[in-house]
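Single-letter residue listing:
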Amino acid sequence: MVQGLVRLTLLAVLLLSGCAVTPPAEKAEPVTADSELQGSPAMALLSRAEQARAQGETGAASRYLERALTMAPNSSWLYRELALLRLEEGDGHAAEGFAQRALRLAPDNDDYRAELWELVAAARAEQGDRSGADEARARAQALRQPDRA
């Protein structure tokens, strides 16, 4: 009799779990410097880096970003910014390395990860790696359209 009750209970649980409805996935919040560095002193250094970069002082911008990374070493955004800066300077190899680090640290956000893969593609193109750039663009596209991947 106890075994019969256990079986009935298990059957009821299995049936009810099959009826569970999963709500549609919510769109992830956009990744920004504010969302990653909120409350960190690294935010002030990022701001200084942006000002220096806008004035064409890429060396100073780089130093500010590198200092910011000592305060927030797991910031995907800071590595992204360094990758963009290196790409602007024409150093595709360093840009790709920083973009790859940003990807490893990136939050689970398909739009942001796709943007980072586009950055990898640009860095590879800068290095003359056309097939590598195409591969990175394809990965970005797959993230933008996950139902077609």
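About the cut-offs
Residues numbered from 1 in each chain as written. Predicted model: local features only at pLDDT ≥ 70, side-chain atom pairs only at ≥ 80, totals over all residues. Heavy atoms only, no water. Helix = DSSP H or I, 4+ residues; strand = E, 2+ residues; numbered from the N terminus. Buried < 20%, exposed > 50% of the residue type's maximum accessible area, 1.4 Å probe, protein only. Contact = heavy atoms within 4.5 Å. Phe/Tyr/Trp six-rings, centres within 6.5 Å; stacked < 30°, edge-to-face > 60°. Lys NZ or Arg CZ within 6 Å of the ring centre and 35° of its normal. Polar contact = N/O pair within 3.5 Å; in protein donor to acceptor, adjacent residues only side chain to side chain. Salt bridge = Lys/Arg side-chain N within 4 Å of Asp/Glu carboxyl O. Core = buried A, V, L, I, M, F, W, Y, C linked by side-chain atoms within 4.5 Å.

## Notes on the overall build of the protein
No. 1: In terms of regular secondary structure, the protein is built from 8 helices and 0 strands.
No. 2: Counting helices and strands in the order they occur from the N terminus, the protein gives α-α-α-α-α-α-α-α.
No. 3: Relative to its full complement of 149 residues, the protein shows a buried share of 35%.
No. 4: Considering only contacts within the protein whose residues lie at least 6 apart along the sequence, 51% involve residues at least 24 apart.

## Some thoughts on the packing of aromatic side chains
No. 1: Inspection of the entire model under this criterion finds 2 aromatic pairs.
No. 2: Plain terms: the ring middles of Trp77 and Tyr112 are 6.1 Å apart, the flat faces sit at 15 degrees to each other, and that makes the pair stacked. Taken as a pair, Trp77 in helix α5 (residues 76-89) and Tyr112 in helix α7 (residues 110-126) lie far apart in primary sequence, 35 residues in all. Of the two residues, Trp77 and Tyr112, both sit in the buried class.
No. 3: Above the ring of Trp77, the side-chain terminus of Arg80 is found at 4.1 Å from the ring centroid.

## Some points on the side chain of Asn109
No. 1: By the element assignment, Asn109 lies in the loop between α6 (92-105) and α7.
No. 2: Given the relative accessible area of 5%, Asn109 is considered buried.
No. 3: Polar contacts involving the side chain of Asn109 include one to the main-chain amide nitrogen of Asp111, which spans 3.1 Å.

## Observations regarding the environment of Ser131
No. 1: Turning to its location among the elements, Ser131 is positioned in helix α8 (residues 130-144).
No. 2: A relative accessible area of 56% means that Ser131 is categorised as exposed.

## Here's the deal with the pattern of salt bridges
No. 1: On inspection of all chains with the given rule, the structure shows 9 salt bridges.
No. 2: As a salt-bridge pair, Arg53 and Glu81 come within 3.5 Å of each other at their nearest N and O atoms. One end of the pair, Arg53, is in helix α3 (residues 42-54); the other, Glu81, is in helix α5, and 28 residues separate them in sequence.
No. 3: Since its relative accessible area comes to 8%, Glu81 is described here as buried.
No. 4: One salt bridge connects Arg80 with Glu115, and the closest N-O pair in it is separated by 2.7 Å. You can see Arg80 sitting in helix α5 and its partner Glu115 sitting in helix α7, a full 35 residues away along the chain.

## A closer look at the nonpolar core
No. 1: Residues Leu46, Leu65, Leu78 and Trp117 are the most contacted members of the largest nonpolar core, which totals 37 residues.
No. 2: Within the residue set of this core, elements represented by two or more residues are α2 (33-37), α3, α4 (58-71), α5, α6, α7 and α8.
No. 3: When residues of this core are assigned to their parent elements, the largest contribution, 7 residues, is made by α7.
No. 4: Sequence-distant contacts of Trp117, that is, excluding residues within four places in its chain, are made with Gln100, Leu103, Ala136, Arg139, Ala140 and Leu143.

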